[in-house]
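One letter stands for each residue in the lines below.
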Amino acid sequence: MEYKGKVVLAYSGGLDTSVAIQWLKDQGYDVVTMTADVGQQVDLEACKDKALRTGAVNAYVMDLREEFVQQYAWKALKANAQYQGTYPLNSALSRPLIARQLVQVAEMEGAVAVAHGCTGKGQDQVRIEVCTNALNPELKVEAPVRDWHFSREDEIEYAQEHGIPVPTTKESPYSIDENMWGRAIECGVLENPWNEVPAGAFKLTADPLDAPDEPLSVEIGFEAGIPVSLNGTALSGVAMVEMLNDLAGKAGVGRVDMIEDRLVGFKSREVYECPAAVTLLTAHRALETLTLSKEVLKVKRELETKYAELTYEGYWFSPLKEALDAFMDSTQKTVSGVVRVRFYKGQVTVTGMKSPQSIYREDLATYSEGDTFDHQSAVGFIKVWGLPIKTWRQVHGETVDAEGCAEVPTLKKASGLDG
Ligand code: ARG
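Residues numbered from 1 in each chain as written. Predicted model: local features only at pLDDT ≥ 70, side-chain atom pairs only at ≥ 80, totals over all residues. Heavy atoms only, no water.

A.B. asks: For this particular structure, what's the right way to read the packing of helix α3 (residues 65-78) against helix α4 (residues 90-109)?
C.D. replies: Packed helices, taken two at a time, are described by their axes: the angle between them and the distance between them. Contact geometry of α3 with α4 gives a least axis separation of 10 Å together with a crossing angle of 135°. Between α3 and α4, the crossing angle belongs to the class labelled oblique. For the crossing formed where α3 meets α4, the hand is right-handed. Judged by residue contacts, E67, F68, Y72, A73 and A76 of α3 engage N90, L93, S94, P96, L97, R100 and Q101 from α4. Of the residues in the contact of α3 with α4, the class split is seven nonpolar, three polar and two charged. (Axes fitted to C-alpha atoms, helices over the stretch in contact; angles between N-to-C directions. Helix = DSSP H or I, 4+ residues; strand = E, 2+ residues; numbered from the N terminus. Parallel < 35°, antiparallel > 145°, perpendicular 65-115°, else oblique. Left-handed = near helix turned anticlockwise from the far one by under 90°. Contact = heavy atoms within 4.5 Å. Nonpolar A, V, L, I, M, F, W, Y, C, P; charged D, E, K, R; others polar.)

A.B. asks: How do you make sense of the site of the ligand when you look at a structure like this?
C.D. replies: Close to the ligand lie 15 residues; Y87, Q123, R127, E186 and E260 are nearest. Side-chain polar atom of Q123 to an oxygen atom of the ligand: 2.8 Å apart, as the coordinates give it. Note that a nitrogen atom of the ligand is positioned 2.9 Å from one of the side-chain N or O atoms of S175. Relative to its unbound accessible surface of 350 Å², the ligand loses 89% to contact with the protein. Contributing elements (two or more residues each) for the shell around the ligand: α4, α5 (124-135), β6 (175-179), β7 (182-186) and β12 (267-273). Looking at the shell around the ligand residue by residue, the classes come out as five nonpolar, three polar and seven charged. (Near = heavy atom within 4 Å. Polar contact = N/O pair within 3.5 Å; in protein donor to acceptor, adjacent residues only side chain to side chain. Areas by Shrake-Rupley, 256 points an atom, 1.4 Å probe, with all protein chains shown as cover.)

A.B. asks: What's the story with the UniProt feature "domain: Arginosuccinate synthase-like N-terminal" (unreviewed entry) in the chain in this structure? I'm lost.
C.D. replies: In the UniProt entry, the feature "domain: Arginosuccinate synthase-like N-terminal" (unreviewed entry) is given for residues 6-165. Counting secondary structure, residues 6-165 comes out at 51% helix and 16% strand; the distance between its end C-alpha atoms is 24 Å. (UniProt positions renumbered as here; feature names shortened; annotations may be inferred.)

A.B. asks: What is the right way to read the sheet that holds strand β4 (residues 113-115) from this model?
C.D. replies: Neighbouring strands of a sheet are bound in pairs by backbone hydrogen bonds; such pairs are parallel or else antiparallel. Strand order in the open sheet made by the five strands is β3-β2-β1-β4-β5, with parallel pairing throughout. Whereas interior strands pair on both sides, the edge strands pair on one side only; in this sheet they are β3 (58-63) and β5 (140-142). Averaged over all neighbouring strand pairs, the angle between strand axes comes to 25°, with direction disregarded. With three bridges joining them, β4 and β5 adopt parallel strand pairing. Note that in β5 the partner of A115 across the bridge is E142. (Pairing = 2+ DSSP bridges.)

A.B. asks: What is the right way to look at α3 in this model?
C.D. replies: Side chains of residues three or four places apart in an α-helix project in the same direction, reflecting 3.6 residues per turn. For α3, built from 14 residues, the straight-helix expectation of 20 Å at 1.5 Å per residue is met to within 8% by its first-to-last C-alpha distance of 18 Å. Of all bends in α3, the biggest is about 25°, found at Y72. Buried within α3 are the following residues: F68, V69, Y72, A73, W74, A76, L77 and K78. N80 lies just past α3 and shows a positive phi near 45°. (Expected span 1.5 Å × (residues − 1). Bend = angle between axes of the 7 residues up to and from the residue. Buried < 20%, exposed > 50% of the residue type's maximum accessible area, 1.4 Å probe, protein only.)

A.B. asks: What is the right way to read the packing of aromatic side chains from this model?
C.D. replies: The description of two aromatic rings rests on the distance between their centres and on the angle between their planes. If you walk through the whole model with that rule in mind, you get ten aromatic pairs. Relative to W181, the ring of W74 has its centre 6.1 Å away and its plane inclined at 75°; by these criteria the two rings are edge-to-face. Placement of the pair is W74 in helix α3 and W181 in the loop between β6 and β7, with a sequence separation of 107 residues. Exposure remark for W181: the relative accessible area of 2% places this residue in the buried category. Consider the rings of Y307 and W316, whose centres lie 6.1 Å apart with planes at 85°: the pair is edge-to-face. One exposure class covers both Y307 and W316, and it is buried. Three or more aromatic residues joined by ring pairs form one cluster here, namely F68, Y72, Y307 and W316. The side chain of R255 reaches across the aromatic face of F202, ending 3.5 Å from its centre. Here K321 stacks its cationic end above the ring of W316, 4.0 Å away from the centre of that ring. (Phe/Tyr/Trp six-rings, centres within 6.5 Å; stacked < 30°, edge-to-face > 60°. Lys NZ or Arg CZ within 6 Å of the ring centre and 35° of its normal.)

A.B. asks: Got a minute to help me understand the pattern of salt bridges in this structure?
C.D. replies: A side chain of one charge can pair with a side chain of the opposite charge when the charged atoms of the two come close. Under the counting rule described, the total for this entry stands at 29 salt bridges. Note that D329 is salt-bridged to K78, the shortest N-O span being 2.7 Å. With D329 in helix α11 (residues 319-332) and K78 in helix α3, the pair connects residues that are 251 residues apart, well separated along the chain. Overall, the relative accessible area of 12% leaves K78 in the buried class. (Salt bridge = Lys/Arg side-chain N within 4 Å of Asp/Glu carboxyl O.)

A.B. asks: Teacher, can you tell me more about the environment of L320 here?
C.D. replies: Positionally, L320 belongs in helix α11. Take L320: its relative accessible area is 38%, and that puts it in the partly exposed class. Separated by 39 residues in the primary sequence, L320 and L281 have C-alpha atoms spaced 22 Å apart. Sequence-distant contacts of L320, defined by excluding residues within four places in its chain, comprise K306 and L310.

Right, dumping it as structure tokens:
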């Protein structure tokens with residue numbers, strides 16, 4: 001076996017990536033593992049031990065939670081990024097960070113390749129590889145699970161042959177990916193869209209039907225588009241997301257059940273639970289309506305769709321993403337204030353908001369005393385605003401049928417063309 005050099009493997013501690021350590025060794029690599037903590041609640045030390053016991057020459061565990069929130073989740077929040085208007089992109093957002101970390105460790109270790117445990121069917125392979133190639137095109141990317149052509153039984157047999165511990169507990173019937181921005185649940189019975197999601201699939205959210213009868217309100221403080229305080233207390237990014245995952249999750253907020261249009265050509269039924277993300281996206285979007293101009297809001301909503309798509313499609317390190325970030329940042333300068341939301345049985349509702357940068361003016365909007373709107377200015381405005389339609393109708397009459405102009409003589413005769 002020819003020695004190939006070092007490879008840095010994104011290691012979750014599960015069976016697939018443990019088998020991948022041995023498989024990569026069989027290919028002639030020395031394997032270094034990198035386990036990224038993005039808030040998925042696993043025992044990182046146990047993960048490190050397992051990697052070393054399974055034959056890794058070095059094992060890194062890295063707490064990337066704050067970076068994930070600041071550099072990925074907050075950027076997506078400023079852009080209100082939800083794929084197909086729904087999916088908060090929790091899994092998609094972690095991939096560029098993991099790729100970046102793989103590249104960094106590879107450069108530190110003098111590795112020639114990086115590796116991941118994605119299958120050949122998903123989009124995570126696309127994201128990790130597109131991002132890796134963008135950051136360091138010299139690095140080869142290995143995808144053992146895509147290449148090894150093992151059946152499940154083959155994989156277990158291979159693991160046993162090599163003394164790799166095979167989990168004895170009953171395997172989860174789903175494919176799960178979890179981080180601070182949410183949890184993705186796929187496969188198994190979910191593949192039939194007629195099947196209701198079994199209660200046991202969820203972990204971060206209560207069933208809305210069993211959620212407390214008492215509503216809960218919280219006040220989220222934003223500064224330049226980013227949440228900075230909860231009920232008046234300043235919080236770090238990680239603490240903010242953890243706290244909201246807990247509070248909103250208990251109320252059953254943040255469940256998403258959708259048919260997703262995959263990048264790899266087919267539709268897929270996807271279930272997510274993203275209590276903090278859904279809460280923050282709801283609050284942030286509302287605060288923007290109070291603080292952004294009509295035109296900026298309109299254009300921003302269009303670009304948000306693009307932002308969500310490019311994130312979904314693995315283009316995080318693209319020049320378009322960079323340009324869109326600059327646009328988003330420019331709009332967020334005034335998105336500061338406090339939003340009050342209420343959690344109740346699966347719903348998050350904005351019940352109030354205020355901002356020192358609000359361009360909502362009560363003295364203009366009010367129908368009561370204190371009204372400063374110039375009612376007489378409406379007269380001229382209506383004349384000019386309606387002029388194009390008035391002109392059209394004067395020429396064409398009241399209705400235009402399939403053939404073109406329909407005559408409505410009474411209308412034509414009744415008015416002159418004097419404006
Ligand atoms: N469909 C989602 C996406 O492509 C979730 C992927 C979750 N990954 C997983 N290994 N279960 O972003």
